[in-house]
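Structure assessment
Chain by chain, the residues run as shown.
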Amino acid sequence: MIHPTAIISPEAKLDPSVVIGPYVVIEGAVEIAAGTRIDSHTILKGPCRIGRDNQVFSHVIIGEIPQDLKFRGESSSVEIGDRNQIREFSTIHRGTQGGGGVTRIGSDNLIMAYAHIAHDCDIGQHVILANAASLAGHVSVGDYAILGGFAVAHQFCRIGAHAFIGGFSKLSKDVPPFVMADGARARSIGLNKEGLKRRNFSSETVNLLSRAFRQLVKKQGDDKTWAEFDQAAKNDAALAQMLAFIRMSERGITR
């Protein structure tokens, strides 16, 4: 299952079912679990752990040192879950000491061609990064979030679960869960109602989130408004998630 032109480090640990294509280079302590396929000309550098049933397409680079001038060769790694599709020419860099040392990608994600995931990023589950979407260091992306083509996120930004980021957008602040953001200087433009509908959120929850968007995200809200939504959130996990995200924001949220 390993092409004769591939170069595999003696430190690598590959399940017997792993398929390694032509001219693949695997350096250092790279672990690859069952069912994963690594296509031609891809470069993997350890420490790196890749889970089950992933498909890594041609010319991908995973585990290269971070593009961070503070990096001094300290030990750091990349961890990737299961059933991800990582398309052509994508780059995923390992972590730094200042960011916890690990770049993490969950499971069931689609990372399209030329996407970039920088050091210390934390990607959840079922995320889509469209073509050439780029994340600077320390960016976190929640479950089911979608970034359109060529969208970029400033370092330390957070993108909430089920958020939708329009193509060519530039994020410099956090995007709350369930919210759509768009623009050269991205602003929040509404609730991601279509995404919530597809994922079977109840109409009651969607209505609550719509009100929270209008009152807290768009208008910022006063103490009385916050108190009303805090009370409603006791019976609605999605609303509680949105409120907690906004309160935890250090960069501020897109308005």
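Right above here is the structure, for reference.
Residues numbered from 1 in each chain as written. Predicted model: local features only at pLDDT ≥ 70, side-chain atom pairs only at ≥ 80, totals over all residues. Heavy atoms only, no water.

1. Structural notes on the overall build of the chain
Definition in use: Labels follow the DSSP assignment, with helices taken as runs of H or I lasting at least four residues and strands as runs of E lasting at least two, numbered in each case from the N terminus. As defined in this context, the radius of gyration uses C-alpha atoms, and a globule is described by 2.2 Å times the residue total to the power 0.38. A 1.4 Å probe rolled over the protein chains alone gives each residue an accessible area, and that area as a share of the maximum for its type sets the label: buried under 20%, exposed over 50%, partly exposed in between. Between two residues, a contact is recorded if the distance between any of their heavy atoms is within 4.5 Å.
A tally of regular secondary structure across the chain gives 4 helices and 27 strands. Computed over its C-alpha atoms, the radius of gyration of the chain comes to 20 Å, within 12% of the 18 Å expected for a compact globule of 255 residues. Expressed as lengths along the three principal axes of its C-alpha atoms, the size of the chain is roughly 65 × 40 × 30 Å. Out of the 255 residues belonging to the chain, those deemed buried represent 51%. Counted over contacts in the chain with a minimum sequence separation of 6, partners at least 24 positions apart contribute 32%.

2. Comments concerning the environment of Phe-89
Structurally, Phe-89 is set in the loop between β12 (85-86) and β13 (91-93). With 28 residues separating them in the primary sequence, Phe-89 and Ile-61 have C-alpha atoms 7.1 Å apart.

3. Thoughts on the environment of Asn-54
With respect to the element layout, Asn-54 can be found in the loop between β8 (48-50) and β9 (55-56). Between the C-alpha atoms of Asn-54 and Val-127, which are 73 residues apart in sequence, the distance is 14 Å. Each residue touching Asn-54, except ones within four places of it in the same chain, is listed here: Gly-35, Thr-36, Arg-37, Ile-80, Gly-81, Asp-82, Arg-83 and Asn-84.

4. Considering the pairing of strand β27 (residues 187-191)
We count it as follows: Strand pairing is assigned whenever DSSP identifies at least 2 bridges connecting the two strands.
Pairing between strand β26 (residues 179-182) and β27: 4 bridges, direction antiparallel. From the neighbouring strand, Ala-181 faces β27, where its bridge partner is Ser-188.

5. Examining helix α2 (residues 203-218)
What counts is decided by this rule: Helix span is expected to be 1.5 Å times the residue number reduced by one. At any given residue, the bend is defined as the angle formed between two axes, one fitted to the seven residues that end at that position and one fitted to the seven that begin there.
An ideal rise of 1.5 Å per residue puts 22 Å on 16 residues; α2 measures up with 21 Å between its terminal C-alpha atoms. Of all the bends in α2, the largest measures some 30° and sits at Ala-212. Among the residues of α2, Thr-205, Val-206, Leu-208, Leu-209, Ser-210, Ala-212, Phe-213, Leu-216 and Val-217 are the ones counted as buried. Considering only its buried residues, α2 is in contact with β26, β27, α1 (193-198), α3 (223-233) and α4 (237-248).

6. A closer look at the sheet that holds strand β2 (residues 13-14)
Spatially, 8 strands are ordered β2-β5-β8-β11-β14-β17-β20-β23 in an open sheet, and the strand pairing comes out parallel. For this open sheet the edge positions go to β2 and β23 (158-159), each flanked by a neighbour on one side alone. The sheet contact formed by strand β20 (residues 140-141) and β23 spans 2 bridges and is parallel. The partner of Val-141 across the bridge, within β23, is Ile-159.

7. Describing unusual backbone geometry
Omega for the bond connecting Gly-46 with Pro-47 falls within 30 degrees of zero, at 5°, which places this linkage in the cis form. As for its placement among the helices and strands, Pro-47 is situated in the loop between β7 (43-45) and β8. Although it is not a glycine, Arg-83 adopts a positive phi angle of roughly 60°. Structurally, Arg-83 is set in the loop between β11 (77-80) and β12. A relative accessible area of 42% places Arg-83 in the partly exposed class. Non-glycine residue Phe-150 carries a positive phi angle of around 65°. In this fold, Phe-150 is placed in the loop between β21 (146-147) and β22 (152-153).

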